[in-house]
Amino acid sequence: MKVSEIKKKFLKEIEKINSFKELEEIKLNYLGRKSGILTKVLHSLKKLPIEERKKVGKEANSLKKEIENFISLKFEKLKTKEEKEKLLKEKVDLTCPGKKVYLGHLHPLTLVLREIKDIFLRMGFEVVEGPEIENSVYNFDALNIPKNHPSRDLWSTFWLDSALHFSSHTSRFLLRTHTSPVQVRYMEKHQPPFRIIAPGRVFRHERTDASHEIQFYQVEGLMVDKNINLSNFKAIILHFFEEFFKKKVEIRLRPSYFPFTEPSVEVDIKFKSKIKNQKSKKEKWLEVMGAGMVHPNVFKSARLNPFNWQGFAFGVGVDRLAMIKYKIPDVRLFYKGDLRFIQQWR
Ligand code: FA5
C-alpha cells in the first residue's frame, strides 16, 4: 500500500475513534513493532532502489510523526471528554432541598411534666421522687388509711405477690396508686419548713374511659411551715394554673374526703369542650386535683409534731391537665403509641 493511501486510511479511522482501547488498537495497527502497517513499509525500504527508497523513506517517516501527533492529540481529547463525563456524573445540585432527618421528639406528657416542674421550681419548690413499686405502709397505713378501712377501696390496687414480714405486721408490695407516699418518705428525712413537688407515674386497677387510665401521671405537692392554710394553697395553685395555661382560669374547690387531709377538697377547672357535630362549645368542669390540709396522723407517721407544723398537700392529674391544654378528648390516646397522634408534638 502506498504511503499516501495509508495516510488516507489512517485519517478516516482515527476520526471514528471514541475510546482509549480503540486508540491503543489503531496505534498497534499502524506503528506496532512487528506488524504495524507503516512499520512494514519502513522495513521493506531496503528492497527499493535507492532513489525510491529515499523518497518513500522520507514520506513514511513524516507520516509516522504525523500519526504519533494525531494519536497524542486524540489521547488528550479523550482524556478531557472522560473528565467532563466524570464531573457530570458527580455533579451535586446545591439548590436541591436536603433530606429531612427524623430525630424523634418528646412525648406530650413529658413536655407537660417539664413545664409543671419549671413553674414550681420558679416558686421555690424542690423536685423529689419516690419509687413506683411501693409498700402498703407508705401507700396506705402511714397516710392514715388503716387496714380493712373502707377508704382503701378509693384506690383499686395492683398488688404484687411479694411482701415484707415484721413481728408486728406484714407490708405487701404494690404499684403505687398515687404519689402521696412520697409525702411521708420526704417528711421522715427532712425538717420543716419545706415545699416540694413529687412527679411520677401511678397505677390503678380500674375500668378505663375517656378520663380514666390504668396508669397515669400525678404531681404531688407539699408545703409545710408554721402558719400554712388553705388560702396559701389556693393562691399557689391559681398562680400555677395561670402560668401553665398562660391565661386566667376559673377553678372550683369542692369539699371532699381523703383520709390523709382534713379538711379535704377537690379542684375542678372550667374549660370549653366541643359538642359533637356542632360548631358551638359547651362549658364543662373537669376534676384535676385532690388536696387539703395535712392530717395530724400523717405528721405523726413521719415523726413530726402536728402541734408545731401545718401544711397543705395536693395531687394533680398530669394527664388531665394535658387534656385541657391540648384539647385532647380521651386520656387513652396518650398511651396508645399511635404515631399520627404523637407526632403532632413534633
Ligand atoms: C389522689 O390520688 C390523692 N392522692 C390526691 C391528694 C393528694 C389528695 C394530697 C389530698 C392531698 P385522686 O384519686 O382524686 O386523689 O386523684 C387525683 C387526681 O388524679 C384526679 O383529680 C385526677 O386528675 C387524676 N386521676 C385520678 N384517677 C385517674 C385516672 N384513672 N386516669 C387519669 N387521671 C386520674
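Keep in mind it's a predicted model, so treat the numbers as computed, not measured.

Visitor: Quick one: what's the story with the overall build of the protein, residue by residue and with numbers?
Guide: Each helix and strand in the protein was counted, giving 11 helices and 10 strands. Rg of the C-alpha trace for the protein: 45 Å, well past the compact-globule value of 20 Å for 346 residues, more than 25% over. Residues counted as buried form 40% of the 346 residues belonging to the protein. The contacts in the protein between residues at least 6 apart in sequence include a share of 64% that link residues at least 24 apart.

Visitor: Could you give an account of the site of the ligand, naming the residues involved and the relevant values?
Guide: In the region of the ligand, 26 residues are neighbours, and His178, Ser180, Arg204, Glu206 and Glu287 sit closest. The separation between a nitrogen atom of the ligand and a polar side-chain atom of Ser180 is 2.9 Å. Between the ligand and the protein, one listed contact pairs an oxygen atom with a side-chain N or O atom of Arg204 at 2.8 Å. Summarising the interface, the protein chains cover 96% of the accessible area of the ligand, which totals 670 Å² for the free molecule. Looking at which element gives the most residues to the shell around the ligand, the answer is strand β9 (residues 281-294), with five residues. Partitioning the shell around the ligand into residue classes produces nine nonpolar, 10 polar and seven charged.

Visitor: If you had to explain the domain arrangement of the protein to someone new, which residues and values would you point to?
Guide: Per the domain assignment, the segments of the protein are domain 1 (3-89) and domain 2 (108-345). Placing a centre on the C-alpha atoms of domain 1 and another on those of domain 2 gives a separation of 95 Å.

Visitor: With reference to specific residues and values, describe the pattern of salt bridges.
Guide: Applying the stated rule across the entire model yields 18 salt bridges. Glu115 is paired through a salt bridge with Lys325; the nearest N and O atoms lie 3.1 Å apart. Remark: Lys325 occurs in helix α10 (residues 318-326) and Glu115 occurs in helix α5 (residues 108-122); sequence separation between them is 210 residues. Its salt-bridge partner being Arg122, residue Glu243 comes within 2.8 Å of it at the nearest N-O pair. Remark: Arg122 occurs in helix α5 and Glu243 occurs in helix α8 (residues 230-245); sequence separation between them is 121 residues. Using a relative accessible area of 29% as the deciding quantity, one classes Glu243 as partly exposed.

Visitor: Requested: an account of the packing of aromatic side chains, with residues and values cited.
Guide: Tallied over the entire structure, the rule returns 20 aromatic pairs. Between Phe233 and Phe314, the ring centres sit 6.1 Å apart and the planes meet at 45°, which makes this aromatic pair tilted. Pair noted here: Phe233 is in helix α8 and Phe314 is in strand β10 (residues 310-317), with a separation of 81 residues, a long-range link. When its relative accessible area of 1% is taken as the criterion, Phe314 is described as buried. Ring-pair connections join several aromatic residues into one group, and the members of that group are Phe120, Phe125, Phe233, Phe240, Phe241, Phe244, Phe245, Phe312 and Phe314. Geometry around Tyr138 places Arg185 over its ring, the cationic atom sitting 4.1 Å from the centre.

Visitor: Lay out the side chain of Thr39 with the relevant residues and their values.
Guide: Checked against the element boundaries, Thr39 lands in helix α3 (residues 37-43). Residue class for Thr39 comes out buried when judged on its relative accessible area of 12%.

Visitor: How would you sum up the sheet that holds strand β2 (residues 133-135)? Please name residues and give values.
Guide: The three strands are arranged β2-β4-β3 in an open sheet whose pairing can be described as antiparallel. Each having just a single partner strand, β2 and β3 (159-165) make up the two edges of the open sheet. In this sheet, adjacent strand axes meet at a mean angle of 25° when their direction is disregarded. Taken together, the four bridges between β3 and strand β4 (residues 170-175) define a ladder with antiparallel strand orientation. Following the sheet pairing, Trp159 is matched in β4 by Leu174.

Visitor: I'd like a description of a positive patch on the surface, backed by residues and values.
Guide: Taken together, the side chains of Lys247, Lys272, Lys281 and Lys327 make up a positively charged region of the molecular surface. Mapped onto the elements of the fold, Lys272 is located in strand β8 (residues 261-274). Of the residues examined, Lys272 reaches a relative accessible area of 53% and is grouped as exposed.

Visitor: Give me the lowdown on the nonpolar core, citing residues and values where you can.
Guide: Within the largest apolar cluster, 44 residues are counted, with the highest numbers of intra-cluster contacts made by Ile116, Phe120, Phe233, Phe240, Phe241, Met289 and Leu321. Looking at this core, the elements that each hand over two or more residues are α5, β6 (215-225), α8, β8, β9, β10, α10 and α11 (339-342). Among the elements that make up this core, the one with the highest residue count is α8 (seven residues). In contact with Phe241, not counting residues within four places along its chain, are Lys246, Lys247, Val249, Ile251, Val267, Ile269, Val288, Met289 and Leu321. Counting residues in each nonpolar core, the second largest holds 26 residues, with Ile145, Tyr186, Phe299 and Ala313 among its members.

Visitor: Go over α8, please, and point to the residues and values.
Guide: Helical geometry note: an α-helix holds 3.6 residues per turn, so side chains three or four residues apart project in the same direction. Helix length check: α8, at 16 residues, gives a terminal C-alpha distance of 22 Å against a target of 22 Å (1.5 Å per residue), a fit within 8%. Along α8, the positions that sit buried rather than exposed are Phe233, Ile236, Ile237, Phe240, Phe241, Phe244 and Phe245. Down the axis of α8, the sector holding all buried residues measures 145°, keeping them to one side. Phi turns positive one or two residues past the end of α8, at Lys246, with a value near 60°.

What counts, and where the lines are drawn
Residues numbered from 1 in each chain as written. Predicted model: local features only at pLDDT ≥ 70, side-chain atom pairs only at ≥ 80, totals over all residues. Heavy atoms only, no water. Helix = DSSP H or I, 4+ residues; strand = E, 2+ residues; numbered from the N terminus. Rg over C-alpha atoms; globule rule 2.2 N^0.38 Å. Buried < 20%, exposed > 50% of the residue type's maximum accessible area, 1.4 Å probe, protein only. Contact = heavy atoms within 4.5 Å. Near = heavy atom within 4 Å. Polar contact = N/O pair within 3.5 Å; in protein donor to acceptor, adjacent residues only side chain to side chain. Areas by Shrake-Rupley, 256 points an atom, 1.4 Å probe, with all protein chains shown as cover. Nonpolar A, V, L, I, M, F, W, Y, C, P; charged D, E, K, R; others polar. Domains from an automatic or database assignment. Salt bridge = Lys/Arg side-chain N within 4 Å of Asp/Glu carboxyl O. Phe/Tyr/Trp six-rings, centres within 6.5 Å; stacked < 30°, edge-to-face > 60°. Lys NZ or Arg CZ within 6 Å of the ring centre and 35° of its normal. Pairing = 2+ DSSP bridges. Axes fitted to C-alpha atoms, helices over the stretch in contact; angles between N-to-C directions. Patch = residues over 30% accessible without salt bridge, like charges linked within 9 Å, V, L, I, M, F, W, Y side chains within 5 Å. Lys, Arg positive; Asp, Glu negative; His and termini not counted. Charge placed at Lys NZ, Arg CZ, Asp CG, Glu CD. Core = buried A, V, L, I, M, F, W, Y, C linked by side-chain atoms within 4.5 Å. Expected span 1.5 Å × (residues − 1). Arc of directions from axis to C-beta.

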